[in-house]
Amino acid sequence: MNAQSNAQPNALAPSAAGAAEPKQYLTFVLGGEIYAVGILAVKEIIEYAGLTSVPMMPEAIRGVINLRGAVVPVMDLAARFGRQASEITKRTCIIIVEVEQGGEQQVIGVMVDAVNAVLEIAAADIEPAPSFGARIRSDFIAGMGKVNGKFVILLDASQVLSVQEISALASSGERALAVEA
């Protein structure tokens, strides 16, 4: 009987180690670099279609789309990273992401050059974000995932898609326009 009771805790050990299981990430290309976002934040991936532009929005917000009756803002991730706005190609996609901000769920479309695949990356294969050298803000990076000997930049969706920060950018842009006029 003792041998059986000793065997049972070992049978439970894999589920107790569930925190160390690999997490899934959606990888995509932006400006020739590979980025990833946690799959749990991704609602769907849609083909790029015409956007409705909205006046007085920050440069990173390309416009809005109608997603089954809901107005969803679409962010150009390249512009958000301070780069030149993305060119539209056959492979351009919009990743619909849901992030929690201020206790509310926000749905935002993210425009990327192309979607690659869903990868599983073990926690042991994730390094901390570099404090320098990255071409984007370090608070946008959740970590650096090692995949087949290369690094994939794991984005912190709640930081990159911060509605409050984007709103602040929009209002500072409006103030700058008012001052120029």
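1. Considerations on the environment of glutamine 106
Logical step 1: As for its placement among the helices and strands, glutamine 106 is situated in strand E7 (residues 104-112).
Logical step 2: Glutamine 106 sits 34 residues away from valine 72 along the chain, and the two C-alpha atoms are 9.1 Å apart.
Logical step 3: Here glutamate 104 takes part through its side chain, which lies 3.5 Å from a polar atom of the side chain of glutamine 106.

2. Considerations on the packing of aromatic side chains
Logical step 1: Taken as a whole, this structure holds three aromatic pairs when the rule is applied.
Logical step 2: Note on phenylalanine 28 and tyrosine 35: the rings are 6.1 Å apart at their centroids and 20° apart in plane angle, and the pair reads as stacked. Per residue, the accessibility class of phenylalanine 28 equals that of tyrosine 35, and both read buried.
Logical step 3: Counting every residue linked through ring pairs, the aromatic cluster contains Phe28, Tyr35, Phe81 and Phe140.

3. Examining empty space enclosed by the protein
Logical step 1: Evaluation of the coordinates by the stated rule reveals one cavity of 30 Å³ or more.
Logical step 2: If you add up the space inside the largest cavity, you get close to 80 Å³.
Logical step 3: Around the largest cavity sit Phe28, Val37, Leu77, Ile95, Val97, Val110, Leu155, Ala157, Val160 and Leu161, which together line it.
Logical step 4: Every element with two or more residues in the lining of the largest cavity is listed here: strand E6 (93-101) and helix H3 (157-160).
Logical step 5: The class makeup of the residues in the lining of the largest cavity is ten nonpolar, no polar and no charged.

4. Notes on the environment of aspartate 76
Logical step 1: By the element assignment, aspartate 76 lies in strand E5 (residues 70-76).
Logical step 2: Residue aspartate 76 is classed as buried on the basis of its relative accessible area of 0%.
Logical step 3: With ten residues separating them in the primary sequence, aspartate 76 and serine 86 have C-alpha atoms 6.8 Å apart.
Logical step 4: Polar contacts involving the side chain of aspartate 76 include one to the side chain of arginine 62, which spans 2.6 Å.
Logical step 5: One polar contact links the side chain of aspartate 76 to the main-chain amide nitrogen of serine 86, over a distance of 2.8 Å.

5. A closer look at the layout of surface pockets
Logical step 1: Size it by volume and the largest pocket reaches roughly 320 Å³.
Logical step 2: Contributing to the lining of the largest pocket are 17 residues, with Tyr25, Gly38, Ile39, Leu40 and Ala41 lying nearest its centre.
Logical step 3: Take the lining of the largest pocket: its biggest share by element is three residues, from strand E1 (residues 23-30).

6. Side note on the nonpolar core
Logical step 1: Counting 31 residues, the largest nonpolar core has Leu77, Phe81, Leu155 and Leu161 as its most contacted members.
Logical step 2: The element contributing the most residues to this core is E6, with four residues.
Logical step 3: Ignoring anything within four residues of it in the chain, the contact list for leucine 155 reads Phe28, Tyr35, Ala36, Val37, Leu77, Phe81, Ile136, Phe140, Ala142 and Val160.
Logical step 4: With seven residues, the next largest nonpolar core counts Ile65, Leu67, Val72 and Val74 among its residues.

7. What about the sheet that holds strand E4 (residues 61-67)?
Logical step 1: With mixed pairing, the five strands of this open sheet are ordered in space as E3-E6-E7-E5-E4. Each end of this open sheet is capped by a strand with a single partner; those strands are strand E3 (42-47) and E4. Neighbour to neighbour, the strand axes of the sheet diverge by 35° on average, direction disregarded.
Logical step 2: Note: E4 against E5, six bridges, orientation antiparallel. Across the sheet, the residue bridging to glycine 63 is valine 74, located in E5.

8. Some remarks on the pattern of salt bridges
Logical step 1: Enumeration according to the criterion identifies four salt bridges in this entry.
Logical step 2: Ionic pairing is found between glutamate 127 and lysine 146, a salt bridge with its closest N-O pair at 3.2 Å. Of the two residues, glutamate 127 is situated in strand E9 (residues 126-127) and lysine 146 in strand E10 (residues 141-147); the sequence distance between them amounts to 19 residues.
Logical step 3: You can call glutamate 127 partly exposed: its relative accessible area is 32%.

Reading the values: the criteria
Residues numbered from 1 in each chain as written. Predicted model: local features only at pLDDT ≥ 70, side-chain atom pairs only at ≥ 80, totals over all residues. Heavy atoms only, no water. Helix = DSSP H or I, 4+ residues; strand = E, 2+ residues; numbered from the N terminus. Polar contact = N/O pair within 3.5 Å; in protein donor to acceptor, adjacent residues only side chain to side chain. Phe/Tyr/Trp six-rings, centres within 6.5 Å; stacked < 30°, edge-to-face > 60°. Buried < 20%, exposed > 50% of the residue type's maximum accessible area, 1.4 Å probe, protein only. 1 Å grid on protein atoms, 1.4 Å probe; cavity = no way out; pocket = protein on both sides within 12 Å on 5 of 7 lines; lining within 4 Å. Points joined across faces, edges and corners; volume = space filled by probe spheres on them. Nonpolar A, V, L, I, M, F, W, Y, C, P; charged D, E, K, R; others polar. Core = buried A, V, L, I, M, F, W, Y, C linked by side-chain atoms within 4.5 Å. Contact = heavy atoms within 4.5 Å. Pairing = 2+ DSSP bridges. Axes fitted to C-alpha atoms, helices over the stretch in contact; angles between N-to-C directions. Salt bridge = Lys/Arg side-chain N within 4 Å of Asp/Glu carboxyl O.

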